[in-house]
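One-letter residues, chain by chain:
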Amino acid sequence: MANAFSKEERVAFEDILEGFNDALVLSRNVAVYNTDSAMMERTNNVIWRPQPYVAQSFDGTDMTSNFKDFTQLSVPATLGFNKSVPWVLTATELRDTLQEGRLGDSAKQKLASDINLAIMNVAANQGTLVVKRTTAASGFDDVAQAEAIMNEQGVQGFDRYMALSTRDYNGMASNLAGRQTLQGKPLTAYEKAYVGMVASFDTYKLDYANRLTARAGLTVTVNGANQYYTPKATSTAGSGETANVDNRYQNLTIAVGSGTVKVGDAFTIAGVNAVHQITKGDTGQLKTFRITAIVSGAGGSGVVQISPPIISGGGTTDAELQYKNVTATPANGAAITFLNTVSAEVNPFWQKDALEILPGRYAVPSDAGAAVMRATTDQGFELVMQKQYDINTMKTKYRLDTLFGVVNKQPQMSGIILFNQT
């Protein structure tokens, strides 16, 4: 059969898949949602995924006035990552069968890195639980602060993960290695710089990490009263069309005395405390927010998009009471305090259900002149390997492809730790 894979290539492809599967470290620690290929094509590769419900309870036996509608919130998830590694081998290069194996290993490593990087970027850029540490990473106390902010706000206490930059991770391992009163762990920390589970989090070491630049010395305030958000499942356009609403964001009008703000900045607002998502009790801690977009003007008076939205119950709708996340609406002129005061590496942490990957599938024809092989990893990622020979140049083209999406369904169930802040 023309352009059929040789046995050596089939074995090489199986080895690529095995190595690719092993390299997907972060993807093993997030939720997976498998999509229908035909449906995704018809919806422009977008599907709306539900956020967790938050229920209300009432006292007494007479519930006559308490039968209320639930508001289902959802977020758009997109198959937005089309990653491919192409390469060419000449007829003379193909005499060395090890060559294609080396190239296959390189392609596998790059695609696995792309998937891990996409997950890390979503976790680091969209997580809104911010832990600010004024010292270098030292161990249990650091991770315990991440546990505290999650527990206080009602995030599930299982399937929690933390990915740390190499320097921060090794700082924790150094602290653990010096704890001679513990059995086993100190020796492993000393020999392999391994931390493992700490304060309910499984910890992982990143060989790359995002950096968040400093935002210090600014005088920023809330510009305008009654800036709270009312959650809603859908919105109706003037034409009468109904569409889903992404409730992870809100526009906030601010006044900046000098300098500029930027996407990624983390901050608190004076007088706006976080509440427990289920009990609605005041945690006594200021709610943390992130700037996710600049709507108009980064300096002076401007509008920024923030996450999460300020749901204070100011409008007293059923949806606001269900999803209330702060104690109060910020006052006009309320001070905004930035948490990223020193440029530092971002260390994301999350609860498994907050982040979700969506493996996609290509419908590559197998009878169009190119040989095609496909296989699926444990997490559902599909790898497609193609080969085509050009008789004009005696060159053989190869490509390895994967299609996937990543979504942060609930930014209030994920966050970041920043070390060495002032």
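These numbers were taken from a predicted model, which means no experiment stands behind them.

Participant: I keep staring at the overall build of the chain and nothing clicks. Help me out?
Facilitator: Along its length, the chain carries 7 helices and 24 strands. Across the 422 residues of the chain, 46% fall into the buried class. Taking all contacts inside the chain whose residues are at least 6 apart in sequence as the whole, residues at least 24 apart take part in 75%. For the chain, the exposed area adds up to about 19600 Å²; of that, 49% sits on carbon and sulfur atoms.

Participant: What exactly am I supposed to notice about the sheet that holds strand E15 (residues 282–296) here?
Facilitator: Hydrogen bonds along the backbone pair up the strands of a sheet, which may run parallel or antiparallel. Strand order in this closed barrel of 6 strands is E10-E13-E16-E15-E14-E17, and the pairing throughout is antiparallel. Averaged over neighbouring strand pairs, the angle between their axes works out to 50° when direction is ignored. One ladder, built from 2 bridges, connects strand E10 (residues 220–222) with strand E17 (residues 335–338); its direction is antiparallel. Counted as the bridge partner of threonine 221 is alanine 335 from E17.

Participant: I keep staring at helix H4 (residues 140–152) and nothing clicks. Help me out?
Facilitator: Side chains of residues three or four places apart in an α-helix project in the same direction, reflecting 3.6 residues per turn. The terminal C-alpha atoms of H4 lie 18 Å apart, and with 13 residues this matches the ideal 18 Å at 1.5 Å per residue to within 8%. Buried within H4 are the following residues: Asp142, Val143, Ala144, Ala146, Ile149 and Met150. After H4 finishes, the residue glycine 154 shows a positive phi value of roughly 80°.

Participant: What exactly am I supposed to notice about empty space enclosed by the protein here?
Facilitator: If a probe as big as a water molecule is rolled over the atoms, it shows which places are left empty. According to the stated counting rule, one finds 1 cavity of 30 Å³ or more in the structure shown. If you trace the largest cavity, you find it lined by Val220, Ile254, Val261, Phe267, Ile291, Val304, Ile336 and Phe338. Each residue belonging to the lining of the largest cavity can be placed in one class, and the counts come to 8 nonpolar, no polar and no charged.

Participant: How should the sheet that holds strand E19 (residues 347–351) be read in this particular structure?
Facilitator: Strand order in the open sheet formed by 6 strands is E5-E24-E19-E6-E8-E7, with mixed pairing between adjacent strands. Single-partner strands in this sheet number two, and they are strand E5 (129–132) and strand E7 (197–198). Across the sheet, H4 touches E5, strand E6 (160–165), E7, strand E8 (201–206), E19 and strand E24 (414–418), and the angle it forms with E5 is around 150°.

Participant: Would you take a moment to explain the pairing of strand E20 (residues 355–359) for this structure?
Facilitator: Consecutive side chains along a regular strand alternate between the two faces of the sheet. Of all 5 residues making up E20, 5 are buried, and the element is well covered by its neighbours. Here E20 shows two buried faces, one formed by Leu355, Ile357 and Pro359 and the other by Glu356 and Leu358. Direction of pairing for strand E1 (residues 31–32) relative to E20: parallel, over a ladder of 2 bridges. Looking at the pairing, valine 32 lines up with isoleucine 357 of E20. Note: E20 against strand E23 (residues 395–408), 5 bridges, orientation antiparallel. For leucine 355, the partnering residue across the bridge sits in E23 and is asparagine 408.

Participant: How do you make sense of the nonpolar core when you look at a structure like this?
Facilitator: Across soluble globular proteins, nonpolar side chains show a tendency to be buried alongside one another. Core analysis: the biggest nonpolar cluster contains 29 residues, and Trp87, Ile119, Trp350 and Leu400 have the highest contact counts within it. Ranked by residue count, the leading element in this core is helix H3 (residues 97–126), at 9 residues. Discounting residues that sit within four places of it in the chain, tryptophan 350 has contacts with Leu26, Asn29, Val30, Ala123, Met150, Asp159, Arg160, Tyr161, Ala163, Leu355, Met413 and Ser414. By size, the runner-up hydrophobic cluster in this structure holds 21 residues, among which are Leu164, Val198, Met413 and Phe419.

Participant: Quick question: what am I supposed to make of the packing of aromatic side chains here?
Facilitator: Any pair of aromatic rings gets described here by the distance separating the centres and the angle formed by the planes. Tallied over the full model, the rule gives 8 aromatic pairs. Linked through ring pairs, Phe81, Phe381 and Phe404 together constitute an aromatic cluster. We note arginine 49 situated over the ring of tyrosine 33; from NZ or CZ to the ring centre the distance is 3.7 Å.

Participant: What should I look at first to understand a nonpolar patch on the surface in this one?
Facilitator: On the surface, Tyr389, Ile391 and Met394 cluster together to form a nonpolar patch covering roughly 330 Å² of accessible area. Within the secondary structure, tyrosine 389 sits in strand E22 (residues 382–390). Since its relative accessible area comes to 38%, tyrosine 389 is described here as partly exposed.

Criteria and cut-off values
- Residues numbered from 1 in each chain as written.
- Predicted model: local features only at pLDDT ≥ 70, side-chain atom pairs only at ≥ 80, totals over all residues.
- Heavy atoms only, no water.
- Helix = DSSP H or I, 4+ residues; strand = E, 2+ residues; numbered from the N terminus.
- Buried < 20%, exposed > 50% of the residue type's maximum accessible area, 1.4 Å probe, protein only.
- Contact = heavy atoms within 4.5 Å.
- Areas by Shrake-Rupley, 256 points an atom, 1.4 Å probe, with all protein chains shown as cover.
- Pairing = 2+ DSSP bridges.
- Axes fitted to C-alpha atoms, helices over the stretch in contact; angles between N-to-C directions.
- Expected span 1.5 Å × (residues − 1).
- 1 Å grid on protein atoms, 1.4 Å probe; cavity = no way out; pocket = protein on both sides within 12 Å on 5 of 7 lines; lining within 4 Å.
- Points joined across faces, edges and corners; volume = space filled by probe spheres on them.
- Nonpolar A, V, L, I, M, F, W, Y, C, P; charged D, E, K, R; others polar.
- Core = buried A, V, L, I, M, F, W, Y, C linked by side-chain atoms within 4.5 Å.
- Phe/Tyr/Trp six-rings, centres within 6.5 Å; stacked < 30°, edge-to-face > 60°.
- Lys NZ or Arg CZ within 6 Å of the ring centre and 35° of its normal.
- Patch = residues over 30% accessible without salt bridge, like charges linked within 9 Å, V, L, I, M, F, W, Y side chains within 5 Å.
- Salt bridge = Lys/Arg side-chain N within 4 Å of Asp/Glu carboxyl O.

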